[in-house]
Amino acid sequence: MATTKLLTAGLEGTDLDWCVARALDVSVIGFHPSTDRNDGDPIIESEFISTCWDGTYWLSEMYVDYKSPGMLTWRNPVAGPSRLISAMRCLVRHKFGDE
């Protein structure tokens, strides 16, 4: 069986929603966190994802504990055309890496 690698930075639509569902271990049926605020906003809050508009793109980042408990650092921000897409890409990259 062949596997397909997707770059996190380019994920959108159903591919992104599927990856988010997999990251959170929830059903993908009726789940659209990259386009539906009712699905996406609770994830942004519970995963402590920070979002901001830089004038061109939405950027999202989250705290990651790299070294030891209590030692939190910011990871490079993830860009996207919308707040929800950017935030969901950030979550997927945090859980699975860049591809």
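Residues numbered from 1 in each chain as written. Predicted model: local features only at pLDDT ≥ 70, side-chain atom pairs only at ≥ 80, totals over all residues. Heavy atoms only, no water.

Novice: I'd like to hear about helix α2 (residues 37-46), residue by residue, with values.
Specialist: Among all positions in α2, only Asp39, Gly40, Asp41, Ile43 and Ile44 are buried. In this structure, the buried residues of α2 make contact with α1 (13-24), β1 (49-53) and α3 (83-96). Between a side-chain oxygen at the N-terminus of α2 and the backbone nitrogen of Asn38 the separation is 2.8 Å; the capping residue is Asp36. (Buried < 20%, exposed > 50% of the residue type's maximum accessible area, 1.4 Å probe, protein only. Helix = DSSP H or I, 4+ residues; strand = E, 2+ residues; numbered from the N terminus. Contact = heavy atoms within 4.5 Å. Polar contact = N/O pair within 3.5 Å; in protein donor to acceptor, adjacent residues only side chain to side chain.)

Novice: Go over the nonpolar core with me, naming the residues and quoting the values.
Specialist: Ranked by internal contacts, the top residues of the largest apolar core, which has 18 residues, are Leu16, Val20, Ile43, Ile44, Ile49, Met88 and Val92. Contributions of two or more residues to this core are made by α1, α2 and α3. With seven residues, the top contributor of residues to this core is α3. (Core = buried A, V, L, I, M, F, W, Y, C linked by side-chain atoms within 4.5 Å.)

Novice: Can you break down the packing of aromatic side chains residue by residue, with the values?
Specialist: Each aromatic ring pair is characterised by the separation of its centres together with the angle its planes make. Summed over the entire model, instances satisfying the criterion amount to one aromatic pair. Seen from their ring centres, Trp53 and Trp58 are 5.8 Å apart, and the 55 degrees between their planes marks the pair as tilted. Lying across the ring of Phe96, Arg22 places its NZ or CZ 4.6 Å from the centre. (Phe/Tyr/Trp six-rings, centres within 6.5 Å; stacked < 30°, edge-to-face > 60°. Lys NZ or Arg CZ within 6 Å of the ring centre and 35° of its normal.)

Novice: Lay out the packing of α1 against α3 in plain terms, naming residues and giving numbers.
Specialist: Close contact between α1 and α3 brings their axes to 9 Å; oriented N to C, the two are set at 50 degrees. Here α1 is positioned oblique relative to α3, judged by the angle of their axes. The hand of the α1/α3 crossing is left-handed. Residues Leu16, Cys19, Val20, Arg22, Ala23 and Leu24 of α1 form the contact with α3, whose participating residues are Ile85, Met88, Arg89, Leu91, Val92, Lys95 and Phe96. (Axes fitted to C-alpha atoms, helices over the stretch in contact; angles between N-to-C directions. Parallel < 35°, antiparallel > 145°, perpendicular 65-115°, else oblique. Left-handed = near helix turned anticlockwise from the far one by under 90°.)

Novice: I'd like a description of the pattern of salt bridges, backed by residues and values.
Specialist: Between side chains of opposite charge, pairing is possible as soon as their charged atoms come close. For the coordinates displayed, the defined rule picks out three salt bridges. The residue Asp41 makes a salt bridge to Arg37 at a minimum N-O spacing of 3.0 Å. Of the two residues, Asp41 and Arg37 are both situated in helix α2; the distance of four residues between them amounts to about one turn of the helix. Relative accessible area serves as the criterion here: at 15%, Asp41 is assigned to the buried category. Here Arg83 ties to Asp41 by a salt bridge, and the two come within 2.7 Å at their closest N and O atoms. With a gap of 42 residues between them, Arg83 in helix α3 and Asp41 in helix α2 connect regions that are remote in the sequence. With a relative accessible area of 26%, Arg83 lands in the partly exposed category. Several salt bridges share partner residues, and in doing so they unite Arg37, Asp41 and Arg83 into one network. (Salt bridge = Lys/Arg side-chain N within 4 Å of Asp/Glu carboxyl O.)

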